[in-house]
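# Residue-level structure breakdown
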Amino acid sequence: MNNSVYLFEKPKNEPVYSYAPGTPEREALKAALDRQAAQEVEIPIIIGGKEYRTGDIGNVVMPHDHKHRLGTYHKATEKEVQLAIDTALKARHDWSRLPWTERASIM
């Protein structure tokens, strides 16, 4: 048994911004949206930190303009779903064997 005492930082909420016209937050948000709209990305399936590409692709479109494609994503097949399940079960097994002090330190 470990009789350690751990002190964690008190959680803090993120600041709430108004995004009113002329604020730096609004300008940064507009710049980020423009940047994302100007590029197209390919989104792989990520399982256990590894990227998988199936070749069966779907489109990612703007919610307000379905003709504007932002990127493509790879659709998972039964093989990738089973791999994800197996990977999650292995991670659960490994995680459950860590001492509680190590698990708590991740917080």
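Refer to the structure above for everything that follows.
As the structure is a computational prediction, the values presented were derived from the model and not from experiment.

The rules behind these values
- Residues numbered from 1 in each chain as written.
- Predicted model: local features only at pLDDT ≥ 70, side-chain atom pairs only at ≥ 80, totals over all residues.
- Heavy atoms only, no water.
- Helix = DSSP H or I, 4+ residues; strand = E, 2+ residues; numbered from the N terminus.
- Buried < 20%, exposed > 50% of the residue type's maximum accessible area, 1.4 Å probe, protein only.
- Polar contact = N/O pair within 3.5 Å; in protein donor to acceptor, adjacent residues only side chain to side chain.
- Contact = heavy atoms within 4.5 Å.
- Pairing = 2+ DSSP bridges.
- Axes fitted to C-alpha atoms, helices over the stretch in contact; angles between N-to-C directions.
- Salt bridge = Lys/Arg side-chain N within 4 Å of Asp/Glu carboxyl O.

### Some remarks on the environment of Lys30
- Residue position: Lys30 is located in helix α1 (residues 24-37).
- Take Lys30: its relative accessible area is 45%, and that puts it in the partly exposed class.
- The spatial distance from the C-alpha of Lys30 to the C-alpha of Tyr19 is 10.0 Å, given a sequence separation of 11 residues.

### Quick notes on unusual backbone geometry
- In this model, Tyr19 sits at a positive phi of 55°, which is unusual for a non-glycine residue.
- Within the secondary structure, Tyr19 is located in the segment before α1.

### Quick look at the side chain of His74
- Looking at the secondary structure, you find His74 in strand β5 (residues 65-74).
- A polar atom in the side chain of His74 sits 2.6 Å from the side chain of Glu42.
- Within polar-contact distance, the side chain of His74 engages the backbone nitrogen of Gly55 at 3.1 Å.
- Excluding its chain neighbours within four sequence positions, the residues that come into contact with His74 are Glu42, Ile43, Pro44, Ile45, Tyr52, Arg53, Thr54, Gly55, Asp56 and Ile57.

### A closer look at the pairing of β5
- Relative to β5, strand β1 (residues 41-43) is paired through 3 bridges, and the arrangement is parallel. Across the sheet, Val41 pairs through a bridge with Gly71, a residue of β5.
- Relative to β5, strand β4 (residues 57-62) runs antiparallel, the two sharing 6 bridges. Residue Met62 lies in a different strand from β5, and its bridge partner there is Asp65.
- Counting the residues that bridge the hairpin from β4 to β5 gives 2 residues.

### Things to note about the sheet that holds β1
- As summarised here, the arrangement of the 3 strands in space is β1-β5-β4, forming an open sheet in which the pairing is mixed. Since the sheet does not close on itself, it has two edges, and those belong to β1 and β4, each with one partner. Going from strand to strand, the sheet's axes swing by 45° on average, the running direction of each strand aside.

### Some details on the pattern of salt bridges
- All told, the structure shown has 4 salt bridges when counted by the stated rule.
- In this structure, Arg69 engages Glu40 in a salt bridge whose closest nitrogen and oxygen atoms are separated by 2.8 Å. Taken together, the residues span a long stretch of sequence, with Arg69 in strand β5 and Glu40 in the loop between α1 and β1 at a distance of 29 residues.
- Overall, the relative accessible area of 37% leaves Arg69 in the partly exposed class.
- With relative accessibility at 47%, the residue Glu40 sits in the partly exposed group.
- The salt bridge partner of Arg53 is Glu42, with a shortest N-O separation of 3.2 Å. Pair noted here: Arg53 is in the loop between β3 (50-52) and β4 and Glu42 is in strand β1, with a separation of 11 residues, a long-range link.
- Residue Glu42 is classed as partly exposed on the basis of its relative accessible area, which comes to 43%.
- By sharing partners, the salt bridges in this structure join Glu42, Glu51 and Arg53 into a single network.

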